[in-house]
Amino acid sequence: MHPEIEALLDQAENRFLKAEELTAFKRQAATLSQRLKIYEFLREKEESIFQPVANKLQETFPDEKQETLERSIKHWLLVLRYCAMAMLLNDQAFLEQRLLDWLSGIVEAHQTQKIEATICNLLQTRLKELLSEQARAILQPFLDQAQSILIGIDHQE
């Protein structure tokens, strides 16, 4: 559950929410609606988000094995899915746990940091084309966190 909403519900077990707590609850409910719309958009547009990224990746790394490029694209499909779920839950710990559990070691073992960084940059560019500034602002902290975990680069705008 959304951590902020869960905390407010815990407080409400002992008493009615105070006016400022009720305002915070309303704000969290409104942002949850926005997050859900972004999540649904990403789910519905996944192929159209990643096809241009995959095409550009092949152009950028023409001598790289197709298998290596496909594996890295699959990594970022999963990364975006995990980012979307973490965004929906508003829970960065969820994202960190999922990525650290499996993907960060794979990237290092396969020595694909340069490919992964390229995909990340291409994905960021693609999302700028498709998402509103407001939607990107909600999703961006999770993408930044994933980028930091996987390729050790902090995103700077």
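Everything numeric in this text was worked out from a predicted model, so none of it was measured.

### Looking at the environment of Q34
For step 1, the next point in the chain: By the element assignment, Q34 lies in helix α2 (residues 19–44).
For step 2, the next point in the chain: A relative accessible area of 28% places Q34 in the partly exposed class.
For step 3, the next point in the chain: Distance in space between the C-alpha atoms of Q34 and Q134 is 9.4 Å, their sequence separation being 100 residues.
For step 4, the next point in the chain: For Q34, the contacting residues outside a window of four places in its chain are Q134 and I138.

### Remarks on the packing of aromatic side chains
For step 1, the next point in the chain: Scanning the entire structure with this criterion turns up one aromatic pair.
For step 2, the next point in the chain: Relative to F94, the ring of Y82 has its centre 6.3 Å away and its plane inclined at 70 degrees; by these criteria the two rings are edge-to-face. Residue Y82 is located in helix α4 (residues 66–89), and its partner F94 is located in helix α5 (residues 92–110); the two are separated by twelve residues in the primary sequence.

### Here's the deal with the environment of I73
For step 1, the next point in the chain: For I73, the location among the structural elements is in helix α4.
For step 2, the next point in the chain: Under the relative-accessibility criterion, I73 is labelled buried at 12%.
For step 3, the next point in the chain: When the C-alpha positions of I73 and Q51 are compared, they lie 9.7 Å apart, and in sequence the two are 22 residues distant.
For step 4, the next point in the chain: Leave out the neighbours within four places in its chain, and I73 touches F50, V53, A54, L57 and I119.

### Structural notes on empty space enclosed by the protein
For step 1, the next point in the chain: With the rule as written, the count across this model stands at one cavity of 30 Å³ or more.
For step 2, the next point in the chain: Estimated volume of the largest cavity: approximately 50 Å³.
For step 3, the next point in the chain: Every element with two or more residues in the lining of the largest cavity is listed here: α6 (113–130) and α7 (133–151).
For step 4, the next point in the chain: Counted by class, the lining of the largest cavity contains four nonpolar, two polar and two charged residues.

Basis of the calculations
Residues numbered from 1 in each chain as written. Predicted model: local features only at pLDDT ≥ 70, side-chain atom pairs only at ≥ 80, totals over all residues. Heavy atoms only, no water. Helix = DSSP H or I, 4+ residues; strand = E, 2+ residues; numbered from the N terminus. Buried < 20%, exposed > 50% of the residue type's maximum accessible area, 1.4 Å probe, protein only. Contact = heavy atoms within 4.5 Å. Phe/Tyr/Trp six-rings, centres within 6.5 Å; stacked < 30°, edge-to-face > 60°. 1 Å grid on protein atoms, 1.4 Å probe; cavity = no way out; pocket = protein on both sides within 12 Å on 5 of 7 lines; lining within 4 Å. Points joined across faces, edges and corners; volume = space filled by probe spheres on them. Nonpolar A, V, L, I, M, F, W, Y, C, P; charged D, E, K, R; others polar.

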